[in-house]
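Chain residues, written in single-letter form:
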Amino acid sequence: MIVDDHPMCRQATGMALRLVDSDICLVEADTLGRARDAASGAVMMTLDLGLPDSRGLRGLATMREEFPDLPMLVITGATHPAIEREVAAIGANGYLSKAASIGEMTAAIRCVIDRGYWFSDDMGEPDEDDAFSRLASLTPAQMRVLEAMEGGRLNKQIAHDLGLSVITIKAHVKAILRKLDVTNRTQAILMLREAES
């Protein structure tokens, strides 16, 4: 399954996949929603981080949570060691720049289909002060609460939307602020937006 909102990128990825297996059946999706609808039968997924209905690492975290055993290769134009570290931390099987050659893309796809891992050797050590590192420390439930906070939802509204108690939401908010090392909701939201820009 190829998940990317740019037709030319989907075409290039499809070419690389066919070089790996000429009989492969390709399914394409240009949004996270369409990908989720079709992912249950996939044997591998390539995923762009910049989809219209999902910014940054949110889409990957959502797909990994829903499809924990599906091999995933992130192919993105966002090339930064911190992003690559977070992609690995979330649980993707590989990370590749859209600037990679077809040969490198083919090698990465082969590796991930075989349930290996494809990451660069120069990701560097995590910087605990890095916004990406702090955001990656959030659990999926905490990330959902932070996303709801970004949407301007109050604790009571978030509790209703997520089917949780207000006390649980308050505990999540407190943990989010502590993990992100910020003092209020606005700072947490700004960190999320900065990391995804």
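Figured I'd write up the structure that's included with this text. This is a predicted model, so every value here is computed, not measured. (Residues numbered from 1 in each chain as written. Predicted model: local features only at pLDDT ≥ 70, side-chain atom pairs only at ≥ 80, totals over all residues. Heavy atoms only, no water.)

Let's talk about the overall build of the chain
A count of helices and strands for the chain gives 10 helices and 5 strands. What you see for the chain is a C-alpha radius of gyration of 17 Å, in line with the 16 Å of a compact globule of 197 residues. Taking all 197 residues of the chain together, 45% fall into the buried category. Here the analysis covers contacts within the chain between residues at least 6 apart in sequence; of these, 62% occur between residues at least 24 apart. Accessible surface, the chain as shown: approximately 10,200 Å² in total, 53% of it carbon and sulfur. (Helix = DSSP H or I, 4+ residues; strand = E, 2+ residues; numbered from the N terminus. Rg over C-alpha atoms; globule rule 2.2 N^0.38 Å. Buried < 20%, exposed > 50% of the residue type's maximum accessible area, 1.4 Å probe, protein only. Contact = heavy atoms within 4.5 Å. Areas by Shrake-Rupley, 256 points an atom, 1.4 Å probe, with all protein chains shown as cover.)

A closer look at the environment of methionine 44
Within the secondary structure, methionine 44 is located in the loop between helix H2 (32-38) and strand E3 (45-47). Sequence separation of methionine 44 and methionine 72 is 28 residues, and the distance between their C-alpha atoms is 6.0 Å. Setting aside chain neighbours within four positions, we find methionine 44 in contact with Met1, Leu17, Leu70, Pro71, Leu73, Ile109, Val112 and Ile113.

Here we look at the packing of helix H1 (residues 7-20) against helix H5 (residues 102-113)
The N-to-C vectors of H1 and H5 enclose an angle of 60°; their axes lie 9 Å apart at closest approach. Here H1 is positioned oblique relative to H5, judged by the angle of their axes. Of the two elements, H1 crosses H5, and the hand of that crossing is right-handed. Facing Ala12, Thr13, Ala16, Leu17, Leu19 and Val20 of H1, the residues of H5 in contact are Ile102, Met105, Thr106, Ile109, Arg110 and Ile113. (Axes fitted to C-alpha atoms, helices over the stretch in contact; angles between N-to-C directions. Parallel < 35°, antiparallel > 145°, perpendicular 65-115°, else oblique. Left-handed = near helix turned anticlockwise from the far one by under 90°.)

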